[in-house]
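Listed here are the chains, written in short residue letters.
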Amino acid sequence: MKILYIQYTNPAGYPPLQQSSCILALDGWEVLFLGTKALGTDALCFPPHPNITVQLMPYCSSGWRQKLHYLQFCLWVLIETLRWQPRWVYASDLLSCPVALLLSFLPGVNVIYHEHDSPNDTSSSFFIRFCLTTRRWLASKAKMCILPNQQRFEQFALETNASSKLLCVWNCPTQAEAIAKRSFTQSDNLQILYHGSIVPSRLPTAVLKALVMLPDNVKLRVIGYDTVGHQNYTQQLRDIAEQLGIGKQVEFLGAMPRYELLQKSLDCDIGLAFMPISSEDINLQRMVGASNKPFDYLACGLTLLVSDLPDWKQMYVEPGYGLACNPEDPESIAAALKWYLEHPVEMREMGDRGRQCILEKWNYETQFEVVKNQMNKISLK
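Please read these numbers as outputs of a predicted model, since none were measured by experiment.

Trainee: How should I be thinking about unusual backbone geometry in this particular structure?
Mentor: One can expect most non-glycine residues to show negative phi and most peptide bonds to be in trans. Positive phi is not limited to glycine here, since Gln85 has a value of about 55 degrees. Within the chain, Asn161 stands out as a residue other than glycine whose phi angle is a positive 60 degrees. Assignment of secondary structure puts Asn161 in the loop between α5 (150–160) and β7 (166–168).

Encoded structure:
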């Protein structure tokens, strides 16, 4: 069996694509990724696997050249599909919808559409409106449509009338990534971890201001990359840390492959998974299940510090996996971190409780099982 993943960006920036492709590859599927490089993500890559091949076009910045670049990408995908003849095509972003829709008309090709980020821009340009139209048509042609959050699931159903084909699959890690229970060494440090795209909405400057209110044995490790919209934000955070006199307490490691990221998480204690208290971005409003950060932290035995939002508290705080605070208030952040500093045993119990939950139910093997079963059933017809 062959499956072709297409995405007009770097697929290694999306853990669910790595998880699903590895699950299929272990079952004997041949997997081919066709994507593009993206700003700041050159260090991101999939672990080597004999059944998985990744091919990326060079990155192209916005402008008229990008339009040609996009047309070249679509032509490349079409030619490779005709040449390689996959049984399945797995499209996973809005910009892949036009070419995925075209591929859905090829004999013997079945399409899955996995939408990681719901479109916010609905009318600014002819091209975006065109992509949204093909998204709606693709939803009716695809064998399955996957959404990572229940609210996005419901919104997608309203926008596309494709409710009978929809599946909600959370962005969980695999069971293999939920490492065995850690043996803690005695340390006076409290190590906080943030990983992912480094943007103000996820890593606000209030975190640095909170460190000023705490002992200097509370440290922050940041692993990730700047985005197109915030290309100098990491440097801004470095400058602010120096101005506040906490430069030695903050460590910026840059982007790295997922398997290295998880290894670097093992000597940390707390994972930051912040969302803005209020936002007009529908993705930031609907991130429970869609955000892989809290799941990744728990897989490594870290406890959580999340935003004081009802759905986040219900998901992570009430079961005892972490605490909540106001991510825009340094005093609120500092108070939560101080509690962890004063309760190390309870903190570690929270992290191990979450790791056990990953092993038992919040893992991608469990989440993806219904998709894999459907694919096998359709393939046998």
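Trainee: Can you help me understand the packing of aromatic side chains in this one?
Mentor: Both the distance between ring centres and the angle between the ring planes are used here to describe each pair of aromatic rings. By the definition in use, this model includes 18 aromatic pairs. When the centroid spacing of 4.8 Å and the interplanar angle of 75 degrees are considered together, the rings of Phe33 and Phe46 count as edge-to-face. Here Phe33 is found in strand β2 (residues 30–36), whereas its partner Phe46 is found in the loop between β2 and β3 (52–57), with 13 residues between them in sequence. Both residues of the pair, Phe33 and Phe46, count as buried. Measuring from ring centre to ring centre gives 5.7 Å for Trp339 and Tyr340, while their planes differ by 75 degrees; the resulting arrangement is edge-to-face. Residue class for Tyr340 comes out buried when judged on its relative accessible area of 0%. An aromatic cluster is built from Trp170, Phe295, Trp312, Tyr316, Tyr321 and Trp362, whose rings are joined through pairwise contacts. A cation sits over an aromatic face here: Lys141 above Phe105, 4.2 Å from the ring centre.

Trainee: Is there a simple way to explain a positive patch on the surface in this structure?
Mentor: A cluster of basic side chains, namely Lys141, Lys143, Lys377 and Lys381, defines a positive patch on the protein surface. Note on placement: Lys377 falls in helix α14 (residues 364–379).

Trainee: Where do I start with the side chain of Arg221 in this structure?
Mentor: Checked against the element boundaries, Arg221 lands in strand β9 (residues 218–225). Within the local environment of Arg221, its side chain forms a polar contact with the backbone oxygen of Lys264, the two atoms lying 2.7 Å apart. One polar contact links Arg221 to Asp267, side chain to side chain, over a distance of 2.8 Å. Ignoring anything within four residues of it in the chain, the contact list for Arg221 reads Gln191, Ile192, Leu193, Tyr194, Glu251, Leu253, Lys264, Asp267 and Cys268.

Trainee: When you look at a nonpolar patch on the surface in this model, what are you seeing that I'm missing?
Mentor: On the surface, a nonpolar cluster with roughly 260 Å² of combined accessible area is contributed by Leu39, Tyr59 and Val228. Mapped onto the secondary structure, Val228 falls in the loop between β9 and α7 (233–244). The class of Val228 is exposed, set by a relative accessible area of 54%.

Trainee: It is not clear to me how the environment of Glu331 should be interpreted in this structure. Could you clarify?
Mentor: Here Glu331 shows up in helix α12 (residues 330–342). For Glu331, a relative accessible area of 56% puts it in the exposed group. Once the C-alpha coordinates of Glu331 and Leu166 are considered, the two residues, 165 residues apart in sequence, prove to be 42 Å apart.

Conventions adopted
Residues numbered from 1 in each chain as written. Predicted model: local features only at pLDDT ≥ 70, side-chain atom pairs only at ≥ 80, totals over all residues. Heavy atoms only, no water. Helix = DSSP H or I, 4+ residues; strand = E, 2+ residues; numbered from the N terminus. Phe/Tyr/Trp six-rings, centres within 6.5 Å; stacked < 30°, edge-to-face > 60°. Buried < 20%, exposed > 50% of the residue type's maximum accessible area, 1.4 Å probe, protein only. Lys NZ or Arg CZ within 6 Å of the ring centre and 35° of its normal. Patch = residues over 30% accessible without salt bridge, like charges linked within 9 Å, V, L, I, M, F, W, Y side chains within 5 Å. Areas by Shrake-Rupley, 256 points an atom, 1.4 Å probe, with all protein chains shown as cover. Salt bridge = Lys/Arg side-chain N within 4 Å of Asp/Glu carboxyl O. Lys, Arg positive; Asp, Glu negative; His and termini not counted. Charge placed at Lys NZ, Arg CZ, Asp CG, Glu CD. Polar contact = N/O pair within 3.5 Å; in protein donor to acceptor, adjacent residues only side chain to side chain. Contact = heavy atoms within 4.5 Å.

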